[in-house]
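Examination of the molecular architecture
In case you want the letters, here they are:
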Amino acid sequence: MIAETTDYERDREAVNRLANARERIAAELSKVIVGQREVIDEMLIALLSGGHCLITGAPGLAKTLLVKSLADLFHLSFHRIQFTPDLMPSDITGTEMVSETAQGREMVFQKGPIFANMILADEINRTPPKTQSALLEAMQEHQVTAAGTTFKLAEPFFVLATQNPIEMEGTYPLPEAQLDRFMFNVVIDYLPEDDEVAVVTRTTGGKGAKIEPLFVAGELMACQEVVRKVPVAEEVVRYAVRLAAASRPGREGSSEFVNNYVNWGAGLRAAQFLILGGKTRALLEGRAHVSPEDVRALAAPVLRHRVLPNYRAEAEGISVAKIIEHLLETVPAKL
């Protein structure tokens, strides 16, 4: 009974911290980041859900600064990997090297930069698929296998990957299997003029303020456990499943719009991440249950890298955003 009471109190404390976290985190990040509130919210939901995040935007939009600031905020070990066309898989995971030991020369595994709590895979689509795939096992299993030996990664473990818009020169599209490992695709756009003025003024003046940690790794993992305990009604789960299924062309019930403009739709992970993200969003807003609105609010970051338009869509100017908008308009929350 004492153990149960202790567990309950710990969960209640974590819920209270989550309910108060949103504004505190936004206030702390505002020391170095101007604007981008929606982007910050989406990345925060991904981290508290235990998911990886893909960040898409042109160079110079503070993607790297935002990721580093989040690592500081949660007091996580942080490594940045700059992805380039000549980067090799062993440059990420590590490699065996000859080392002098008491027993003589031995092959010793030297851990690569992936061994940290938070990895910034900077400009991930500038490296070929062979190197991109070095992250797959780590992202899914939270482990690295090298020379027949498996090494567990420290928890919590996150990959936050930035990518340039795919139309920019010298980029490689990420394989669909790898895209599906990312919980969200967060899009960072240019700031309004007033915010850009604030950025320029701040960055050309004195030394900027320092981020103060608000959480430690153990507290973050406790929050992730609490998130999974949030109840969700079956009708909300069915809505998330129907929303993902409606994006798949050539299936019974698929709309003419989807059949005409979608080459490949979202898989099961999309529905899983819609619900998991919805649980986190509900707690951050002080609610103890998930609503259809939570699912709708996260449809864009969950689906925009899982729904692939076809050539006809590109020719007629039908974007992924328009396809997601169509899904939200045509798939009812209740049958």
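Up top you'll find the structure we're talking about.
Residues numbered from 1 in each chain as written. Predicted model: local features only at pLDDT ≥ 70, side-chain atom pairs only at ≥ 80, totals over all residues. Heavy atoms only, no water.

Some words on the overall build of the protein chain
Secondary structure assignment for the protein chain yields 16 helices and 11 strands. Structurally, the protein chain occupies a C-alpha span of about 70 × 55 × 50 Å along its principal axes. Split into buried and exposed, the 335 residues of the protein chain put 46% on the buried side. For the protein chain, long-range pairs separated by at least 24 residues make up 76% of all intrachain contacts whose partners lie at least 6 apart in sequence. (Helix = DSSP H or I, 4+ residues; strand = E, 2+ residues; numbered from the N terminus. Buried < 20%, exposed > 50% of the residue type's maximum accessible area, 1.4 Å probe, protein only. Contact = heavy atoms within 4.5 Å.)

Observations regarding the pattern of salt bridges
Counting across every chain of the model gives 12 salt bridges. Of the charged contacts in the structure, one is a salt bridge between Arg281 and Asp294, with a shortest N-O distance of 2.7 Å. On the criterion of sequence distance, the pair formed by Arg281 in helix α12 (residues 268-284) and Asp294 in helix α13 (residues 292-297) is long-range, its members being 13 residues apart. The same class applies to Arg281 as to Asp294, namely buried. Arg312 serves as the salt-bridge partner of Glu316, at 3.2 Å between the closest nitrogen and oxygen. (Salt bridge = Lys/Arg side-chain N within 4 Å of Asp/Glu carboxyl O.)

As for the packing of helix α10 (residues 234-245) against α12
Closest axis-to-axis distance for the α10/α12 pair is 8 Å, and the angle between their directions is 140°. Regarding the angle of α10 to α12, the classification is oblique. As for the relative orientation of α10 and α12, their crossing is right-handed in sense. Along its contact with α10, which presents Val236, Val237, Ala240, Val241, Leu243 and Ala244, the element α12 presents Ala270, Ala271, Leu274 and Ile275. Residues belonging to the contact of α10 with α12 are distributed by class as follows: 10 nonpolar, no polar and no charged. (Axes fitted to C-alpha atoms, helices over the stretch in contact; angles between N-to-C directions. Parallel < 35°, antiparallel > 145°, perpendicular 65-115°, else oblique. Left-handed = near helix turned anticlockwise from the far one by under 90°. Nonpolar A, V, L, I, M, F, W, Y, C, P; charged D, E, K, R; others polar.)

Concerning the sheet that holds strand β9 (residues 182-187)
Sheet architecture is open: 5 strands sit in the order β2-β5-β8-β1-β9, paired in parallel fashion. The outermost strands of the open sheet, each flanked by one partner alone, are β2 (78-82) and β9. Taken over all neighbouring pairs, the strand axes of this sheet differ in orientation by 20° on average, direction set aside. The strands touched by helix α2 (residues 37-49) within the sheet are β1 (52-56), β5 (118-122), β8 (158-163) and β9, with β9 carrying the most contacts at an inclination of about 170°. The strands that helix α3 (residues 63-73) touches are β1, β2, β5 and β8; relative to β5, the one it contacts most, it runs at about 175°. (Pairing = 2+ DSSP bridges.)

Details of the packing of aromatic side chains
Counting across every chain of the model gives 3 aromatic pairs. Taken together, a centroid distance of 6.4 Å and an interplanar angle of 85° make the contact between Phe115 and Phe151 edge-to-face. In this pair, Phe115 is assigned in the loop between β4 (104-111) and β5 and Phe151 in strand β7 (residues 149-152), connecting sequence segments 36 residues apart. For Phe115, a relative accessible area of 17% gives the class buried. (Phe/Tyr/Trp six-rings, centres within 6.5 Å; stacked < 30°, edge-to-face > 60°.)

Comments concerning the side chain of Asp122
Summarising the element assignment, Asp122 is placed in strand β5. Taking relative accessible area as the criterion, Asp122 reaches 5% and is therefore assigned buried. Engagement of the side chain of Asp122 in a polar contact is seen with the side chain of Arg80, the distance being 2.7 Å. Apart from the residues within four sequence positions on either side, Asp122 is in contact with Thr64, Arg80, Ile81, Gln82, Phe83 and Thr162. (Polar contact = N/O pair within 3.5 Å; in protein donor to acceptor, adjacent residues only side chain to side chain.)

A closer look at the pairing of β9
Burial within β9 is extensive, with 5 of its 6 residues counted as buried. As defined by bridge partners, β1 adjoins β9 across 5 bridges and the pair is classed as parallel. Among the inter-strand pairings, Thr56 is bridged to a residue of β9, identified as Val187.

Description of the environment of His52
In this structure, His52 sits in strand β1. Excluding residues that lie within four positions of it along the chain, His52 makes contacts with Met139, His142, Phe157, Phe158, Val159, Arg181, Phe182, Met183 and Phe184. Here Met139 takes part through its backbone oxygen, which lies 2.9 Å from a polar atom of the side chain of His52.

Focus: α3
Of the residues making up α3, those classed as buried are Lys63, Leu66, Val67, Ser69, Leu70, Ala71 and Leu73. Directly beyond the C-terminal end of α3, a positive phi value near 55° is found at His75.

Examining the environment of Gly267
Structurally, Gly267 is set in the loop between β10 (262-264) and α12. Separated by 22 residues in the primary sequence, Gly267 and Ala245 place their C-alpha atoms 7.5 Å from one another. If we ignore the near neighbours within four places in the chain, the residues touching Gly267 are Ala244 and Arg248.

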